[in-house]
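# Commentary on secondary and tertiary structure
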Amino acid sequence: MTDSAPPPAQPTTTAPSARLGLLARFGPGMLVAATGVGAGDLLTASLGGSAVGVSILWAAVVGAVLKGFLNEGIARWQLATGTTLLEGWARFGSALRYGFLIYLLGWSFFTGGALISACGAAGDALWPLSADPETSRRLWGVLHSLVGLGLVWFGGFRFFEKLMAACTGLMFVAVLFAAVGSGPDWSAAARGMVIPHIPKNGTGWVLGLLGGVGGTVTLLSYGYWIRQKGREGMQWLRTCQADLAVGYSLTAMFGMAMVLIGSTLQLQGSGLKVANLLAQRLGEVLGPAGYWLFLWGFWGAVFSSLLGVWEGVPYLFADFLRIHRKQPVSQVDLRNTRAWRGYLVALALVPLPMLWAPLQRAQLAYAVVGALFMPLLAVTLLWMNNRRDWIGAQRNGWLINAALVATLLLFLWVGSDEALEALRKLRGP
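Let us look at the structure shown here. From a predicted model like this one, the values you see are computed outputs, not experimental measurements. (Residues numbered from 1 in each chain as written. Predicted model: local features only at pLDDT ≥ 70, side-chain atom pairs only at ≥ 80, totals over all residues. Heavy atoms only, no water.)

### Here we look at the pattern of salt bridges
Opposite charge on two side chains permits them to pair, given that their charged atoms come into close proximity. One pass over the structure, following the stated rule, counts ten salt bridges. Ionic pairing is found between E134 and R137, a salt bridge with its closest N-O pair at 2.7 Å. With E134 and R137 both in helix α6 (residues 133-181) and three residues apart, the pair spans about one turn of that helix. On the basis of relative accessible area, R137 is assigned to the buried category, the value being 14%. The partner of E232 in a salt bridge is R227, with the nearest N and O atoms 3.8 Å apart. A relative accessible area of 21% places R227 in the partly exposed class. Connected through salt bridges with shared partners, the residues E87, D319 and R322 form a single ionic network. (Salt bridge = Lys/Arg side-chain N within 4 Å of Asp/Glu carboxyl O. Helix = DSSP H or I, 4+ residues; strand = E, 2+ residues; numbered from the N terminus. Buried < 20%, exposed > 50% of the residue type's maximum accessible area, 1.4 Å probe, protein only.)

Put into structure tokens, the structure is as follows:
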């Protein structure tokens, strides 16, 4: 690991303006919210609400807040040094850099397959393409992956940003309408939101909410999205902090809404079938409007997550190659490189066989390794953003350091729990 100082921050041509529009000010934060809230998070929250009630609402809030501090650390490093987080990680030696590449390839395959499958299930629920549900799910999965590829490839970043805002709006309206209409116990919900409490048999649900809400690897995309918006230099830090506050507020609201919905229903089962069950139960409570609105909201959640991964994750691979070739970031438009476009195509096509192949044990094995990512991110941000010779006067304050330490401890707990559970399943009965 080298201790040499980082290159100076890249100059910015303009300072943030008070007249920035909504997308200019809060666009990257909304991208984080839309990408980080996927099918798994929504279903975990609803099942948790059904199992143990609204007493776990606080976990959705705390999980979103802690992810917000992690993303603030990513933005702080990039704005202060003019380098991406991956360049910062390169300072720790090649083992971390190449280890992350291997992790990224595996994460991309399994996450891409899960997103395609979720989009297939959402499409089948809205409009079956075949009498056989599995055939319909696969057809819809392939179609969503290819349409997502085309939209991201040809649409450009501004179009992508507007499309994601539309999906987020659909998801937000649908889920909140369903939460309010389902008639939860509002007084208990108020207590569950502000008073941390782990109910009997609720530890697993609390950990699931804390660890699942807000994404994992997709947090790293934020640095590239703010660069697309022209945010360079520490004068943009306040804008990024406000942007992230809005994005993770939406994330917390989505998580809490799903807990509220689940708390009013008796849900059993696992996987994407729970989404159909949720829609049917909401249809019984709210009528046909509740049924269809939830399905459209669920579709908006999973398709926006797919679009966010398709657009954001290729930056990581393209940036890895740029760093390997020792090219300054100022000389490379990552979105127009062959590496970015090639990885986008691979994301859309390579995981398609997961629609047919049972890869449960492989996914469980990968979960053991994947559980290490969030603690890695927290501990490296603690080190990088507190070194004066690396980041200068823009070091973390005590509040940010306290939040990062809490995040590190929490995700070590969450990660070890996930890894042990995956190992138990791998060993079989």
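### Focus: the nonpolar core
Core analysis: the biggest nonpolar cluster contains 129 residues, and W89, W310 and L377 have the highest contact counts within it. Broken down by element, this core gets its largest block of residues, 19 residues, from helix α12 (residues 288-324). Not counting the four nearest positions on each side in its chain, W89 is found in contact with L96, F100, L220, F373, L376, L377, T380 and M384. (Core = buried A, V, L, I, M, F, W, Y, C linked by side-chain atoms within 4.5 Å. Contact = heavy atoms within 4.5 Å.)

### Considering helix α7 (residues 186-194)
Listing the buried residues of α7 in full gives A188, A189 and G192. Taken end-on, α7 shows its buried residues confined to a sector of 100°, consistent with a single buried face. (Arc of directions from axis to C-beta.)

### Observations regarding a nonpolar patch on the surface
The grouping of W127, L129 and L139 at the surface amounts to a nonpolar patch, some 340 Å² of accessible area in total. One can find L129 in the loop between α5 (94-126) and α6. (Patch = residues over 30% accessible without salt bridge, like charges linked within 9 Å, V, L, I, M, F, W, Y side chains within 5 Å. Areas by Shrake-Rupley, 256 points an atom, 1.4 Å probe, with all protein chains shown as cover.)

### Notes on the state of the cysteines
The final tally for this structure, using the stated rule, is zero disulfides. Free cysteine C167: the closest other cysteine sulfur is in C119, separated by 9.6 Å. A relative accessible area of 6% places C167 in the buried class. (Disulfide = S-S within 2.5 Å.)

### Let's talk about unusual backbone geometry
Not every positive phi belongs to a glycine, and K326 is a case in point at roughly 60°. Mapped onto the secondary structure, K326 falls in the loop between α12 and α13 (338-349). Assessed through its relative accessible area of 75%, K326 is described here as exposed.

From the geometry alone we can't say anything about function, so treat these as descriptive.
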